[in-house]
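Overview (structure and organization)
Take a look at the letters that make up each chain.
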Amino acid sequence: MTTDNHKGLAGIVAGQTAISTVESSGSGLFYRGYAIKDLAEHASFEEVAYLLIYGELPNSKELDDYKTKLQSLRALPNALKIVMEQLPATTNPMDVLRTGCSVLGTLEPETDRGLTEEIANRLIATLPSMLLYWFRFHFHQNGTRIETQTDDNSIAGHFLHLLHGQAPHGLQQRAIDVSLILYAEHEFNASTFSARITTSTLSDIYSAICSAIGTLRGPLHGGANESAMQLISRFKDEADAERGIHEMLANKELIMGFGHRVYRNGDPRSAIIKAWSKKLANHHGGEMLFNISQRIEKIMFKEKKLFPNLDFYSASAYHYCGIPDNFFTPLFVISRTCGWSAHIIEQRRDNRLIRPSADYTGPAPRPYPSPHKSRQQQ
Ligand code: COA
């Protein structure tokens, strides 16, 4: 019997994992034992991807080889390019990725479970290509079929290069790299859990990743970074934000980018991305957006004792890097594909079908109406 306390499976331990943990005090995050703060300071996203998928940090040769491998996997099959061209320009970019992942699954199906890591790498390498091929085809000099290769051997740099059509600024590149590290993995969050559920039926990796992308799309999960940006950009200055947020709270509206199911004393990733957002604001100008964000943070703590989660300051950081708002959640997908893949591999190693039970609240058993009487007469 569930109680209201456990609604949404809150506080329920739904399995075991060796991939990451949120510290019991609810303030730390570790990927395979490494603190997120250390990884964000010293590692690259590719290093973290390797750690999550293969279980240990790579040595420098392994890392170089891995980066070269990911670089070599970026090209899209022609059939996939044609599908990207056929998708309407109005398509939600999350749907572009979900569709792209599904199509790749038909062209390069997972016929051998020994190839899961290879498919994970292929997806990590091609998701940016899919998104930016579709984007540049529809929005930049209509009909341009871009090459999805660049000289940049980092996913962050490659992504920015394809997006803007030129080599990225170093500060922006590292900011995106760090944000990808922060987004890469987060224990049994909703999208990862949906990937594990799909995997537990012995389905394939593409189906599991498609389930996860669909789950991440919602504003209570990954979609919050985009929604946070919509919120922040509504206000013209700090005083306007103060008025607006008080009004929203009075109307019992959700403030996107605040609160968390697991963290009770603050999201350890938030301070890291906030520092990057400030650095970018100082460097690229337009500090008002950062100042408005800080004012919202202050009000939310004062009024609700709620703190920003990773999505809140990711919004301004991404904005300062020239990322369109509706690409915020797709960037989250590109990063979290590492975490999802690690969980798919882990689930398969010790699988049991995930199928919980429910408390029934419907009518008691009752007779089917006699076929000879009309329903109205009953
Ligand atoms: N803005 C305003 N109030 C919020 C809030 C927010 N962002 N987050 C939580 N609250 C309030 C709830 O309304 C609830 O108030 P109540 O007890 O008066 O009903 C209380 O805080 C507890 O929240 P609850 O919805 O039970 O927490 P949860 O664990 O089910 O949900 C989130 C967690 C993340 C879904 C929730 O905090 C939220 O919707 N945040 C905004 C979306 C977001 O940023 N998502 C990204 C998560 S990383």
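Reading guide: rules and limits
- All residue numbers refer to position in the chain's written sequence, counted from 1.
- Given that the model is predicted, a residue must reach a pLDDT of at least 70 before its local features are reported, and side-chain atom pairs must reach 80 or more before they are shown or counted; all residues, however, enter totals for whole chains, interfaces and linings.
- Computation of side-chain values covers all heavy atoms of the structure but excludes hydrogens and water.
- Think of it this way: any DSSP run of H or I at least four residues long counts as a helix, any run of E at least two long counts as a strand, and we number them from the N terminus.
- Accessible area is worked out with a 1.4 Å probe on protein chains only. A residue is then buried under 20% of its type maximum, exposed over 50%, and partly exposed in between.
- Contact between two residues is taken to exist if any of their heavy atoms lie within 4.5 Å; hydrogens are not considered.
- Here a polar contact means two N or O atoms within 3.5 Å. Within protein one must be a hydrogen donor candidate and the other an acceptor candidate, and residues neighboring in sequence count only if both atoms are side-chain atoms.
- Strand pairing is defined by DSSP finding a minimum of two bridges between the two strands.
- The nonpolar core is taken to be a set of buried Ala, Val, Leu, Ile, Met, Phe, Trp, Tyr and Cys residues, with the residues joined through side-chain atoms within 4.5 Å.
- If a single non-hydrogen atom of a residue is within 4 Å of a molecule or strand, that residue counts as near it.
- To be clear on the numbers: accessible area is Shrake-Rupley with a 1.4 Å probe, and residue cover counts the displayed protein chains and nothing else.
- Ten residues, namely Ala, Val, Leu, Ile, Met, Phe, Trp, Tyr, Cys and Pro, are considered nonpolar, four, namely Asp, Glu, Lys and Arg, are considered charged, and the remaining ones, Gly among them, are considered polar.
- In this description, a line fitted to the C-alpha atoms serves as the axis of each element, helices being fitted only across the stretch in contact, and the angle between N-to-C directions of two axes falls anywhere from 0 to 180 degrees.
- Put simply, angles under 35 degrees are roughly parallel, angles over 145 are roughly antiparallel, angles from 65 to 115 are roughly perpendicular, and the rest are oblique.
- With the far helix as reference, a near helix turned anticlockwise by less than a right angle produces a left-handed crossing, and one turned clockwise produces a right-handed crossing.

Right, let's talk about the environment of Arg196 for a bit. If you trace the backbone, Arg196 turns up in helix α9 (residues 190-200). What makes Arg196 buried here is its relative accessible area of 5%. A sequence separation of 65 residues divides Arg196 from Arg261, and the C-alpha atoms of the two residues are 19 Å apart. Leave out the neighbours within four places in its chain, and Arg196 touches Gln16, Thr17, Phe188, His343, Glu346, Gln347 and Ile354. Polar contacts involving the side chain of Arg196 include one to the side chain of His343, which spans 2.8 Å.

In space, the three strands of this open sheet follow the order β1-β2-β3, with antiparallel pairing throughout. For this open sheet the edge positions go to β1 (20-22) and β3 (34-35), each flanked by a neighbour on one side alone. Here three bridges tie β1 to strand β2 (residues 29-31), and the two strands are oriented antiparallel to one another. Its bridge partner lying in β2, Val22 is registered against Leu29.

Residues Ile245, Ile296 and Ile323 are the most contacted members of the largest nonpolar core, which totals 107 residues. With eleven residues, helix α6 (residues 116-139) is the largest single contributor of residues to this core. Sequence-distant contacts of Ile323, defined by excluding residues within four places in its chain, comprise Phe159, Leu160, Leu163, Ile176, Tyr318, Phe328 and Leu331.

Taken together, 18 residues lie near the ligand, and Ile255, Gly257, Phe258, Arg261 and Asn309 sit nearest. The contact in question runs from a nitrogen atom of the ligand to an N or O atom on the backbone of Ile255, over 2.7 Å. Between the ligand and the protein, one listed contact pairs an oxygen atom with a side-chain N or O atom of Arg261 at 2.8 Å. In the complex, 61% of the free accessible area of the ligand, which totals 850 Å², lies under the protein chains. Among the residues forming the shell around the ligand, the class breakdown is nine nonpolar, five polar and four charged.

Let us now look at the packing of helix α4 (residues 78-86) against α6. What describes two packed helices is the angle between their axes and the distance between those same axes. Closest axis-to-axis distance for the α4/α6 pair is 9 Å, and the angle between their directions is 50 degrees. By the angle between their axes, α4 is oblique relative to α6. Handedness of the crossing formed by α4 with α6: right-handed. Contacts from Leu80, Lys81, Met84 and Glu85 of α4 reach α6 at Met130, Tyr133, Trp134, Phe137 and His138. Taken together, the residues of the contact of α4 with α6 sort by class into six nonpolar, one polar and two charged.

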